[in-house]
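Working through the structure, step by step
Here is how the chains run, residue by residue.
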Amino acid sequence: MAQKVDILLLGSGGREHALLKKLSESPMAGRLYVAPGNGGMLQLAQQAPVDQDSPADVAAWAKANGIGLVVIGPEAPLVEGVGDAVRAQGIPVFGPNADAAQMEGSKEFAKKVMERAGVPTARYRSFTDEASCADYVRQLGGPCVVKADGLAAGKGVIVAQTTEQALEGVSECFGGHFGDAGRTVIVEEMLEGPECSLLALTDGKTLVPLATSQDHKRAQDGDRGPNTGGMGVYSPVPILLPGELDAMVDIEKRVVAELASEGITYSGCLYGGFMLTKDGPKVLEFNARFGDPETQVVLPRMKGDLVEAFLACDNGTLSPDMVAWDDDWAVSVVLTSAGYPGSYRKDLPITGIDDANAMPGVTVYHAGTKLADDGTVLTNGGRVLDVTAVAPTFEDARNLAYQACDKIFFEGKTYRHDIGIKAIKGRANL
């Protein structure tokens, strides 16, 4: 009989609901706590009265309550050093310490690590004053990417097709639009090709890749409209050419090895965002945690004990045989509030979630939801629900996901109708 481990999971999005559900399926899972959680997570776990971004608060509560594993979902607690504080209490943590979390917390830091590791990525320059940055953008001309260096809740990246758009992005960054995140600004060349996400588990020595996935960032059908946190996703990615997956895995292994050589042990999930260019995969960015909504299609396809794997990441015993994959496909469609990613209403009742969950192969992950006093599920964010379907073929999974979306209702429900069309078209037609 496996020893039970009480678990505290930090976060409140669809990613965390997917993590919680997978953790709950482990024979090692004891009592489950979440901070702060959401309407779906609180049906599986008890809410812990802690501030997820406070290292001292999380460490003290975990110690006092006999927690055997702290799982850190979002990036902000990682960069704040929550992992460091909890580990200092002798409690296992899934998620990197603050020094390693700089791979997401500072784009300049990540770029320099990639340079030293010989990793292919977009050419770039960094700036700390607006005038020099604007001059460089004018010299570049044409398309480029402007990025706030620090954490900006996924909003600090401006993909500029024209010099004017790039200059607007520079002004936004240095003008305080992204807070302290924009004090340093990165300007990159524009890479071309389809994107692919590759999440991997690592203990700082061994790296175990998870399944590939492809997100859909734009708000509207046909990849139009503003960027969002993600409107839908599928896994695996069928458009990969021979050798591309091996190249992406090699890149992530080189980054972990480079950090180790510099005295930084990277333990947790390393998330590589790649552009599949004509010259091979190149890194767009690294994140220091599971992706959202990628997690909602990767974990349902994973075979293995997530608690065992997470503990192994922390104690240096990760093994490739801890993770296996079925041959099914997964597609997830994000249901959003009207107006997202701009302003939107909250506290609207949601119906039909149980009907959708009752469909074989369907799981509805809560993201921006909360529970009313009477147990009614209410909207509480821009991205409200992730409707995920798993099936033997891509077309079946996609059709099933959209059938499940039709069973759910809340006022102003919006979603993209073309999630996964790219996978059907094939690489040559992208």
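Refer to the structure presented above.
Throughout what follows, the structure given in this document is the object of discussion.

Cut-off values and rules
Residues numbered from 1 in each chain as written. Predicted model: local features only at pLDDT ≥ 70, side-chain atom pairs only at ≥ 80, totals over all residues. Heavy atoms only, no water. Axes fitted to C-alpha atoms, helices over the stretch in contact; angles between N-to-C directions. Helix = DSSP H or I, 4+ residues; strand = E, 2+ residues; numbered from the N terminus. Parallel < 35°, antiparallel > 145°, perpendicular 65-115°, else oblique. Contact = heavy atoms within 4.5 Å. 1 Å grid on protein atoms, 1.4 Å probe; cavity = no way out; pocket = protein on both sides within 12 Å on 5 of 7 lines; lining within 4 Å. Points joined across faces, edges and corners; volume = space filled by probe spheres on them. Nonpolar A, V, L, I, M, F, W, Y, C, P; charged D, E, K, R; others polar. Disulfide = S-S within 2.5 Å. Buried < 20%, exposed > 50% of the residue type's maximum accessible area, 1.4 Å probe, protein only. Expected span 1.5 Å × (residues − 1). Arc of directions from axis to C-beta. Pairing = 2+ DSSP bridges.

The subject of this paragraph is the packing of helix α5 (residues 98-105) against helix α6 (residues 107-117). α6 packs onto α5 with a crossing angle of 100 degrees between their chain directions and a minimal axis gap of 6 Å. Here α6 runs roughly perpendicular to α5, going by the angle between their axes. When α5 is examined against α6, the residues Asp99, Gln102, Met103 and Gly105 are found in contact with a partner set consisting of Lys107, Phe109, Ala110 and Val113.

Right, let's talk about the layout of surface pockets for a bit. The space that makes up the second largest pocket amounts to roughly 310 Å³. Along its surface, the second largest pocket is lined by 16 residues, and Gln43, Ile353, Asp354, Asn357 and His366 are the ones closest to its centre. Classifying every residue of the lining of the second largest pocket by side-chain character gives five nonpolar, nine polar and two charged.

Moving on: the state of the cysteines. Within the structure shown, the criterion is met by zero disulfides. Left unpaired, Cys269 is separated from the closest cysteine sulfur, that of Cys313, by 8.6 Å. Accessibility expressed as a relative area gives 1% for Cys269, which makes it buried.

Attention now goes to helix α8 (residues 163-174). Across its 12 residues, α8 extends 17 Å between first and last C-alpha, which sits within 8% of the 16 Å expected from 1.5 Å per residue. What α8 keeps buried is the set Thr163, Ala166, Gly169, Val170 and Cys173. Projected down its long axis, α8 shows its buried positions confined to an angular sector of 120 degrees, all on one face. For α8, the exposed residues lying more than 90 degrees away from the buried face are Glu164 and Glu168.

What the eight strands build is an open sheet, ordered β16-β15-β10-β11-β14-β19-β23-β20; its pairing is antiparallel. Looking at the sheet topology across the chains shown, the edges are occupied by β16 (280-287) and β20 (362-366). If you compare each strand with its neighbour and ignore which way they point, the axes differ by 25 degrees on average. Taken together, the eight bridges between strand β10 (residues 195-202) and strand β15 (residues 268-277) define a ladder with antiparallel strand orientation. Within the sheet, the bridge partner assigned to Ser197 lies in β15 and is Gly273. Strand contacts of helix α13 (residues 394-405): β14 (232-235), β19 (329-336), β20 and β23 (383-391), with the helix running at about 25 degrees to β19, the strand carrying the most contacts.

So, on to the pairing of β15. Most of β15 is tucked away: 10 of the 10 residues are buried. Here seven bridges tie β15 to β16, and the two strands are oriented antiparallel to one another. Considered in β16, the bridge of Gly272 is made with Phe286. Here β15 hands over to β16 after two residues, the two strands then running antiparallel side by side.

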